[in-house]
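Commentary on secondary and tertiary structure
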Amino acid sequence: MKQSTTLRLVLASALCSLALPASAQDDWPSQPLRVFVGFPAGSSPDVLARVVTEKLSERLGQPVVIENRPGAGGVIGIQQMLVSAGDGHTFGTTINGPMTTSQRMMDDTGFDVAEDIAPVTLLATSPLVLAVASDSGIEDLEGFIAAAGAEPDALSYGSVGQGSGAHLTAELFAAEAGLSMLHIPFTSYAEVTTSIIGGEIDAGFMAPSAALSFVEAGTMNVLGITSSEPFGQAPDVPLIAGSAGLPEDFRAELWNAFIAPADTDEAIIARLNTEITDILEDPGVQEQMLGMGWQVAPGTPESMAERIAVDTEMWGAVIDRVEAQ
Amino acid sequence: MQRDWPEVWGGLILAIVGIGAALYAGQNYDLGTLRQMGPGFFPVAMGLALSGFGLFIALPAFWRGGEGAQFDGISLVLVLAAVLVFGLALPRLGLVGASFVTVLIATLPAQRRGWLWRGVLALSITLVTVLVFHLGLRMTLPLWPRLS
Amino acid sequence: MSTWESLLLGLSFALQPQILIYCVLGVLLGSFVGVLPGIGAMAAISLLLPLTFYMSPEAALIMLAGVYYGAQYGGAVASILLRLPGTPQSAVTTLDGYPLTQQGRAGLALFTAMISSFTGAMIGIVVLVVLAGWLSALATRFGAADYAMMMIFGLVAASTIGATRPVKGFAMIALGVLLGCIGTDVNSGAQRFTFGQAELLDGLNLVALAMGLFGVAEVIANIRNPERQKTAARISMRSLLPTRDDLRRIPLPILRGGALGSFFGALPGTGSTLSAFLAYATERRLSRQPERFGKGAIEGVAGPEAGNNAASITAFTPTLTLGIPGDPIMALMLGALIIHGIQPGPMMLEARPEMFWGLVASFAIGNLLLILLNLPLIGIWIAMLRIPFNYLYPAIIVFLCLGVYSVRGLTFDIVLVAGIGLAGYLMTLAKLSPALLLLGFVLGPLIETNLRRALLVARGDPMVFLERPISAGFVFAIVVLLLFPLWRLWRRKA
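As a further point, take the overall build of chain B. Looking only at helices and strands, one finds four helices and zero strands in chain B. Here the C-alpha atoms of chain B give a radius of gyration of 23 Å, more than 25% beyond the 15 Å that 2.2 N^0.38 yields for 148 residues. Taken along the three principal axes of its C-alpha coordinates, chain B extends 55 × 50 × 25 Å. In chain B, the share of contacts with a sequence separation of at least 24, taken over all contacts with a separation of at least 6, comes to 63%. Surface summary for chain B: the accessible area is close to 8000 Å², and the carbon and sulfur share equals 71%. Taken together, the 9 basic and 5 acidic charged side chains of chain B have centroids lying 17 Å from each other.

Next up, the structure:
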């Protein structure tokens, strides 16, 4: 199934390069675009989508309307996009969860990633940082691993929910470092940070933007970051990859992507990909996204399909391990 | 003697809901222990508590006098139908169509009113709805019925 | 910087014309949408969010905040006149506000609600200014055990309000908690009572629940009820004005409600709801004639309205100084700041004093505007009651459906309202109080999550609830509350 998607995408892009610009798609877009976002207005994925669609609207000469359909970790948004699909003007943005792990976590998501969704491009990625309270006395990754390794469940960590990126990242980290930590699920990073500062839990993997203002205020230490390269918003935070005995290829990132229903015309997808990757090259946009904790990550539909496959496998293995415990 | 039937029935329904929820949760979710509660603990405990409270409401009411409540089945069915129709029609008939049809159904239980009155009321409420929600609040909704 | 300097800085900032205009815009819109059943601040703020891209972050925040507290004023109108509360805290206002309307004293209820809201907000502002630092630290002192016990205390304290007999109150709370179990369990990730519906994974839509239990049920009960048609005839101009007796009853409940609201508002999560319910429970307990409550006691409007408005002011402290949004609307406002590259957090007060103090000053200006706007409007709202119910209720149905839809844009939720409306009507017949159901629904999941989280953190040791001082205090308060009726019974016998 994965192969056929890839093949279709390769064919699609080949076709587009031949067909554009003198194809029947000349009159696209002929009406306002609708972009479904599976998170509430004002949330991080929503704000990201708004930054992109605002520029997209200028470039396409049509209004782009954001439709917030929050729920089930972003799954509702995709479901609603698929229900409304068919006119070539309905799209969506999504985070990695519904595209990689939701199928494992939920009874029935109501869609099949490979069959129902056509990737357009990744928009941006965000690493997570490992944070502890500054009065914990833990200063670096070695210190953390030593403290956590003293006995099983010696340290507890907070996440934003069972199966969330923060939870799975922590479990991946624990597995690579040979630790066992006690998982305490919360519902938002704000709750996790309060709980860490209040001394109730010991640590947490969280979005850099959620931790940095507390680091500045001197109440939190960040010990490491999960990206494979230094992150623009927090360039001084050391990479977890390759330090304290962790593997060189350690990488755990959340991402945000632009998607289309699978039956969308290939030429339209190619056009959108071109426009959006252009938008993401804009330094102003890059800076704005970095301020919100996102690093732009433009790419082709093929590279996005590949990322979905890689992440699905990686997180699938982590979920297997968690379930086996 | 007139029994307090609304309370008898109300209490019994609560008891049944409680028992049902407790049984379903007990069968499907892990109870855990008091120290480490599972996802089934709260629903089972609350279900059992609810059924107990329900019986406590129903049983004394059975031997106690009370005024019967006025059950208005026609209004009940038609109002619920109006809500249901609005929900189902909104994506297909748009804001205008759904509001119009819903008001027509909702006005059916109103007594001593003619069809002209219903029609005019439906038109005016639809107009206000479009003004407030479409033009005022800019809710993204289809406005007109979908023809295809 | 001294308190006075801060305030002056704030005032001079908020009074700039280009800021003031957004404050006015915000409170006007908030008060307008608050009246619409179920729409509330959330929909209005989502609508305004794209506009804030083009505004300064300070202006954006002040405008959105205006919508937030302005909607509280409007919410009281719908609750008092039509028994259409969009939030649990407005549901408390219906308990005595709606009976007052039925007695032809809607004017008094609205007047009281407005005065209480205004005074409550002012109390909140004073507390915020004097105790900003202490309030912002409050949230980090509360752990899972403390939250769990505080909310259990809230449930126990409020468990009998609005109910004709205690057991009915308990049953409604239990049902509410049970309904709150629907959706994904935070601790285990288990999907409870969802029956494969993704729409249920985040639980029942609160607005759908409130609209079904109150609005739909009330409409059904009134369509063929001749009493309802007479309400309009009972209104006279004299009934608009409070009597000397009414005026004597209002001030203390307002002060107590304001104090409760200021405290609970600073705790993220359920500040408004808890303070409204607790203010009501307090007034009923302190009253020499508790039997008047639920039948049009003016204290039952004054206390909760002062409480939820005070809470809506102090709720901004954790949001801005810790970056912890207390509710989804606060989260939305944070989003508006984050778009501008501002990350609210502990450095906010130092890094952007003009934003924080400007916002505080705008609260005072905004609330002043709201009371000036809303007092004259009372006459118009009363006039609306003269519209025959047959003309009004079909519009109520359409409006409340759209209000429910506006929360997350799913027609599933509208269909749900029909089912909840059926339950609500049956509850009306059996005289069961939907307000307590809403309280159980809101607090239940938080109690469960925090109780289990506290035990998890303590590695299963239940002593954690007695070892933490805050938690132990609430445990003590719960024991006292539970033993109090027994003690009274014993004394009566002796």
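Moving on from the model shown.
Let us look at the nonpolar core. Among the nonpolar cores identified, the biggest contains 243 residues, and A:Leu272, A:Met289 and C:Met333 are the most heavily contacted of them. Counting residues per element, this core draws most heavily on helix H4 (residues 57-82) of chain C, which supplies 18 residues. Every residue in contact with C:Met333, bar those within four places of it in the chain, is listed here: C:Ile45, C:Leu61, C:Leu64, C:Ala65, C:Tyr68 and C:Phe316.

Attention now goes to the environment of C:Phe389. Residue and element names in this part refer to chain C. The topology assignment puts Phe389 in helix H19 (residues 389-408). The exposure class assigned to Phe389 is buried, which follows from its relative accessible area of 4%. Remark: the alpha-carbon pair of Phe389 and Ala279, spanning 110 residues in sequence, is separated by 32 Å.

So, about the packing of helix H9 (residues 206-223) of chain C against helix H21 (residues 434-457) of chain C. All names here are of chain C. Where H9 meets H21, the closest approach of the two axes is 10 Å, and the angle between their N-to-C directions is 165 degrees. Considering their axes alone, H9 and H21 lie roughly antiparallel with respect to each other. In the crossing of H9 with H21, the sense of the turn from one axis to the other is right-handed. Residues Leu206, Leu209, Ala210, Leu213 and Phe214 of H9 form the contact with H21, whose own contacting residues are Pro434, Ala435, Leu437, Leu438, Phe441 and Val442. By residue class, the composition of the contact of H9 with H21 is 11 nonpolar, no polar and no charged.

Another aspect to go through is the packing of aromatic side chains. Inspection of every chain in the model, using the stated rule, returns 26 aromatic pairs over all chains. Relative to C:Phe363, the ring of C:Tyr69 has its centre 5.5 Å away and its plane inclined at 85 degrees; by these criteria the two rings are edge-to-face. Of the two residues, C:Tyr69 is situated in helix H4 and C:Phe363 in helix H18 (residues 353-385); the sequence distance between them amounts to 294 residues. For the pair C:Tyr69 and C:Phe363, a shared accessibility class is recorded, and that class is buried. Grouped by ring-pair contacts, the aromatic residues A:Phe144, A:Phe173, A:Phe205 and A:Phe250 constitute a single cluster. Looking at B:Arg118, its charged tip hangs above the ring of B:Trp115, at a distance of 5.1 Å from the centre.

Our next topic: the sheet that holds strand E4 (residues 117-127) of chain A. Either a parallel or an antiparallel arrangement is found when strands of a sheet pair, and the pairing is made through backbone hydrogen bonds. Residue and element names in this part refer to chain A. The strand order across the open sheet formed by six strands is E2-E1-E3-E10-E4-E11, and the pairing between neighbours is mixed. On the outer flanks of this sheet lie strand E2 (64-68) and strand E11 (295-296), each paired with one strand and no other. Both E4 and strand E10 (residues 253-261) contribute to a ladder of nine bridges, which runs antiparallel. From the neighbouring strand, Ala118 faces E10, where its bridge partner is Ala260.

Take the domain arrangement of chain A next. All names here are of chain A. Annotation of chain A at the domain level lists domain 1 (2-126 + 253-324) and domain 2 (129-225). The gap between the C-alpha centroids of domain 1 and domain 2 is 30 Å. Each side of the interface is counted separately: domain 1 has 12 residues, and domain 2 has 12 residues. Between domain 1 and domain 2, a total of about 850 Å² is buried, with carbon and sulfur atoms accounting for 78% of that surface. At the junction of domain 1 with domain 2, the criterion picks out zero residue pairs in polar contact (both at pLDDT 80 or more). For the side of domain 1 that touches domain 2, the element with the most residues is helix H13 (residues 301-324), which contributes six residues. Split into classes, the residues belonging to the side of domain 1 that touches domain 2 amount to eight nonpolar, three polar and one charged.

Our focus in this paragraph is the interface of chain C and chain B. The interface is formed by 62 residues belonging to chain C together with 63 residues belonging to chain B. Between chain C and chain B the total buried area reaches about 5500 Å² when both faces are included, carbon and sulfur atoms providing 78% of it. Our count for the contact surface shared by chain C and chain B stands at two salt bridges. B:Glu7 is the partner of C:Arg165 in a salt bridge, and the nearest nitrogen-oxygen pair spans 2.6 Å. Connecting chain C to chain B are nine residue pairs in polar contact (both at pLDDT 80 or more). If you list the elements that add at least two residues to the side of chain C that touches chain B, you get helix H2 (17-35), helix H8 (166-180), strand E2 (191-192), H9, H19, helix H20 (411-429) and H21 of chain C. With 12 residues, the top contributor of residues to the side of chain C that touches chain B is H19(C). Of the residues in the side of chain C that touches chain B, the class split is 46 nonpolar, eight polar and eight charged.

Our next topic: the pattern of salt bridges. Applying the stated criterion across every chain, the model contains 25 salt bridges over all chains. Of the charged contacts in the structure, one is a salt bridge between A:Arg271 and A:Glu275, with a shortest N-O distance of 3.0 Å. Placement of both A:Arg271 and A:Glu275 in helix H11 (residues 266-281) is noted, with a separation of four residues, approximately one turn of the helix. Residue classification places A:Arg271 among the partly exposed residues on the basis of a relative accessible area of 25%. Across the pair C:Asp413 and C:Arg408 runs a salt bridge whose closest N-O atoms are separated by 2.8 Å. With respect to burial, C:Asp413 and C:Arg408 carry one shared label: buried. Through salt bridges with shared partners, one network takes in C:Asp245, C:Arg248, C:Arg249, C:Arg292 and C:Glu299.

Our next topic: empty space enclosed by the protein. Residues and elements named next belong to chain C. Counted according to the given criterion, the structure contains five cavities of 30 Å³ or more. Estimated volume of the largest cavity: approximately 70 Å³. Taken together, 11 residues form the lining of the largest cavity, with Leu82, Glu218, Val219, Phe389 and Ile396 sitting closest to its centre. Sorting the residues of the lining of the largest cavity by element identifies H4, H9 and H19 as the ones contributing at least two each. Considering every element that reaches the lining of the largest cavity, the biggest residue donor is H9, with four residues. In terms of residue class, the lining of the largest cavity is built from seven nonpolar, two polar and two charged.

Cut-off values and rules
- Residues numbered from 1 in each chain as written.
- Chains lettered and ligands numbered in written order.
- Predicted model: local features only at pLDDT ≥ 70, side-chain atom pairs only at ≥ 80, totals over all residues.
- Heavy atoms only, no water.
- Helix = DSSP H or I, 4+ residues; strand = E, 2+ residues; numbered from the N terminus.
- Rg over C-alpha atoms; globule rule 2.2 N^0.38 Å.
- Contact = heavy atoms within 4.5 Å.
- Areas by Shrake-Rupley, 256 points an atom, 1.4 Å probe, with all protein chains shown as cover.
- Lys, Arg positive; Asp, Glu negative; His and termini not counted.
- Charge placed at Lys NZ, Arg CZ, Asp CG, Glu CD.
- Core = buried A, V, L, I, M, F, W, Y, C linked by side-chain atoms within 4.5 Å.
- Buried < 20%, exposed > 50% of the residue type's maximum accessible area, 1.4 Å probe, protein only.
- Axes fitted to C-alpha atoms, helices over the stretch in contact; angles between N-to-C directions.
- Parallel < 35°, antiparallel > 145°, perpendicular 65-115°, else oblique.
- Left-handed = near helix turned anticlockwise from the far one by under 90°.
- Nonpolar A, V, L, I, M, F, W, Y, C, P; charged D, E, K, R; others polar.
- Phe/Tyr/Trp six-rings, centres within 6.5 Å; stacked < 30°, edge-to-face > 60°.
- Lys NZ or Arg CZ within 6 Å of the ring centre and 35° of its normal.
- Pairing = 2+ DSSP bridges.
- Domains from an automatic or database assignment.
- Buried area = accessible area lost by both parts, 1.4 Å probe.
- Polar contact = N/O pair within 3.5 Å; in protein donor to acceptor, adjacent residues only side chain to side chain.
- Salt bridge = Lys/Arg side-chain N within 4 Å of Asp/Glu carboxyl O.
- 1 Å grid on protein atoms, 1.4 Å probe; cavity = no way out; pocket = protein on both sides within 12 Å on 5 of 7 lines; lining within 4 Å.
- Points joined across faces, edges and corners; volume = space filled by probe spheres on them.

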